[in-house]
Amino acid sequence: MVTRLGFGGIPIQRLNESDAVNVVKRCLDLGLNFIDTANAYSTSEERVGKAIKGMRRQDIFIATKSGARTPEEIKKHLDLSLQRLGTDYIDLYQFHQIGDMATLKKVLDPSSGLMQVFKDAKKAGKIRHIGASSHQMDVAKEIVKSGRFETILFPFNFITSEPADELLPLCREHDVGFIVMKPLAGGMLDNAVIAFKYLLQFPDILVIPGIEKVPEIEEIVRIYEGPRRMTASERKQMQRMKAELGTRFCRRCDYCRPCPQEIPISMVMSFPSFEKRMPPERIFKGMFEDAMAKAANCQQCGECEAKCPFHLPIREMLSENLKSYQARKAKYT
């Protein structure tokens, strides 16, 4: 139903409207037919809607998401998404970031009415398929095993490679589509050839890199059209990059939490990635600003590091990212 390569709609928030629309149109011109966006991505849905205006709707597969956790709010998000996208149906509607077991339990609990809203929307023809996104492996596994979702959107790259062994086989067993977010680790991997050749060895995944510039998608399409087997030299380089990033890369699994100071650790740890993908007005205000304010209260207790399965120097990285954030915010303001 969809091309193996799709479009991730986070970075176009950073562009002016004209450039954003042109980026989406170029992706479609190159043959991509899957577009992923979300209610939470500020201007993204509206810009996608303007890019697809006038095109044959049946030729495009649109996915969007709602992070709402009440039936009433989900209905509002869905109607707003339909309006922004300029369409009367959404191909794939997803619960955005089911981040812990308690949230998944609430989504699946019939008394919450959350899943029923999705089902009613599907029956009414407003949506056609139901999916979910997550960053937590244990939660993602339960999402897949629940039998209530048709797709899972999850990070996967040669650094965050655990899905190859833990999640993808489960998706195959339960006939759940695997959509890959962060193929370039949120901008942390700068060798697109190696990053996408690694993923190309898995024939049954849909990869949606976030695209900000036309040359980016043109380069990725060339990789998909070229030789897919990784050379010996590329494999050596990949191993070298894994060794370098492996000790300094947050997978956002959140096993380090809860923090006694209520610091959203993975958000602060991932600041370099967010900065590359998000517009500055979202980085230096709102939840990111609040997260960094909490990071300033770190007591250096070390509880997070004791729980981290990847043995990251969390306290050191929090301090580095806080200083970087403060310096960049000073320049922005």
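Since the model is a prediction, treat every value here as computed from it, not as a measurement.

Each value, and the rule that gives it
- Residues numbered from 1 in each chain as written.
- Predicted model: local features only at pLDDT ≥ 70, side-chain atom pairs only at ≥ 80, totals over all residues.
- Heavy atoms only, no water.
- Buried < 20%, exposed > 50% of the residue type's maximum accessible area, 1.4 Å probe, protein only.
- Helix = DSSP H or I, 4+ residues; strand = E, 2+ residues; numbered from the N terminus.
- Contact = heavy atoms within 4.5 Å.
- Polar contact = N/O pair within 3.5 Å; in protein donor to acceptor, adjacent residues only side chain to side chain.
- Core = buried A, V, L, I, M, F, W, Y, C linked by side-chain atoms within 4.5 Å.
- Arc of directions from axis to C-beta.
- Pairing = 2+ DSSP bridges.
- Lys, Arg positive; Asp, Glu negative; His and termini not counted.
- Salt bridge = Lys/Arg side-chain N within 4 Å of Asp/Glu carboxyl O.
- Axes fitted to C-alpha atoms, helices over the stretch in contact; angles between N-to-C directions.

Details of helix α9 (residues 192–200)
Burial runs high along α9: 8 of the 9 residues are buried. Residues A192, I194, A195, F196, K197, Y198, L199 and L200 constitute the buried set of α9. Of the surrounding secondary structure, the elements contacted by the buried residues of α9 are α7 (163–166), β7 (177–181), β8 (205–207), α10 (214–225) and α11 (232–246). Its side-chain oxygen 3.2 Å from the backbone nitrogen of V193, N191 forms the N-cap of α9.

Some details on the nonpolar core
Core analysis: the largest hydrophobic core is formed by 78 residues, its most contacted members being F95 and F149. If one sorts the elements of this core by residue count, α9 sits on top with 7 residues. F274, M278, C308 and Y325 belong to the second-largest nonpolar core, a separate cluster that totals 28 residues.

Thoughts on helix α15 (residues 287–295)
All of the buried residues in α15 are F288, A291, M292 and A295. Along the axis of α15, the buried positions cluster into a sector of 95 degrees, meaning they face one direction only. Contacts from the buried residues of α15 go to α12 (265–269), α13 (271–277), α14 (280–283) and α17 (314–332).

Observations concerning the pairing of strand β5 (residues 127–133)
The buried fraction of β5 amounts to 5 of the 7 residues, a majority that puts the element mostly inside the structure. Sheet topology places strand β4 (residues 90–95) next to β5; 5 bridges connect them, and they run parallel. Each bridged residue has a counterpart across the sheet, and for F95 the counterpart in β5 is A132. Pairing of β5 with strand β6 (residues 151–155), which is carried by 3 bridges, proceeds in the parallel orientation. In the strand pairing of β6, G131 is matched with T151.

Comments concerning unusual backbone geometry
R257 connects to P258 through a cis peptide bond whose omega is 10 degrees. As for its position among the elements, P258 is in the loop between α11 and α12. Residues other than glycine seldom take positive phi values, yet K182 does so here, at roughly 55 degrees. Looking at the secondary structure, you find K182 in the loop between β7 and α9. Here the phi dihedral of E262 falls at roughly 60 degrees; this positive angle occurs in a residue that is not glycine. Tracing the chain through its elements places E262 in the loop between α11 and α12.

Description of the environment of K294
Along the chain, K294 turns up in helix α15. C-alpha separation for the pair K294 and P264, spaced 30 residues apart in sequence, amounts to 7.9 Å.

Focus: the side chain of R252
Residue position: R252 is located in the loop between α11 and α12. Despite its burial, R252 pairs with no opposite charge, the nearest such side chain being D254 at 6.6 Å. Here the side chain of R252 touches H135 through a polar contact of 3.3 Å, side chain to side chain. Leaving out residues up to four positions away in the same chain, R252 has contacts with H135, Q136, K182, S266, S270 and F274.

A short note on the sheet that holds β8
In a beta sheet, neighbouring strands pair by backbone hydrogen bonds and run either parallel or antiparallel. Strand order in the open sheet formed by 8 strands is β1-β2-β3-β4-β5-β6-β7-β8, with parallel pairing between adjacent strands. Two strands lie at the open edges of the sheet, namely β1 (7–8) and β8, each paired on one side alone. Note: β7 against β8, 3 bridges, orientation parallel. Residue pairing for β8: V180 is matched across the bridge by V207. Lying over the sheet, helix α5 (residues 114–123) contacts β4 and β5, oriented at roughly 150 degrees with respect to β5.

Structural notes on the pattern of salt bridges
Scanning the model with the defined rule gives 19 salt bridges in all. Residue E289 is joined to K329 by a salt bridge in which the shortest nitrogen-to-oxygen separation is 2.5 Å. With a gap of 40 residues between them, E289 in helix α15 and K329 in helix α17 connect regions that are remote in the sequence. Taking relative accessible area as the criterion, E289 reaches 30% and is therefore assigned partly exposed. We classify K329 as partly exposed; its relative accessible area is 22%. Members of the salt-bridge network, linked through shared partners, are E17, E46 and K50.

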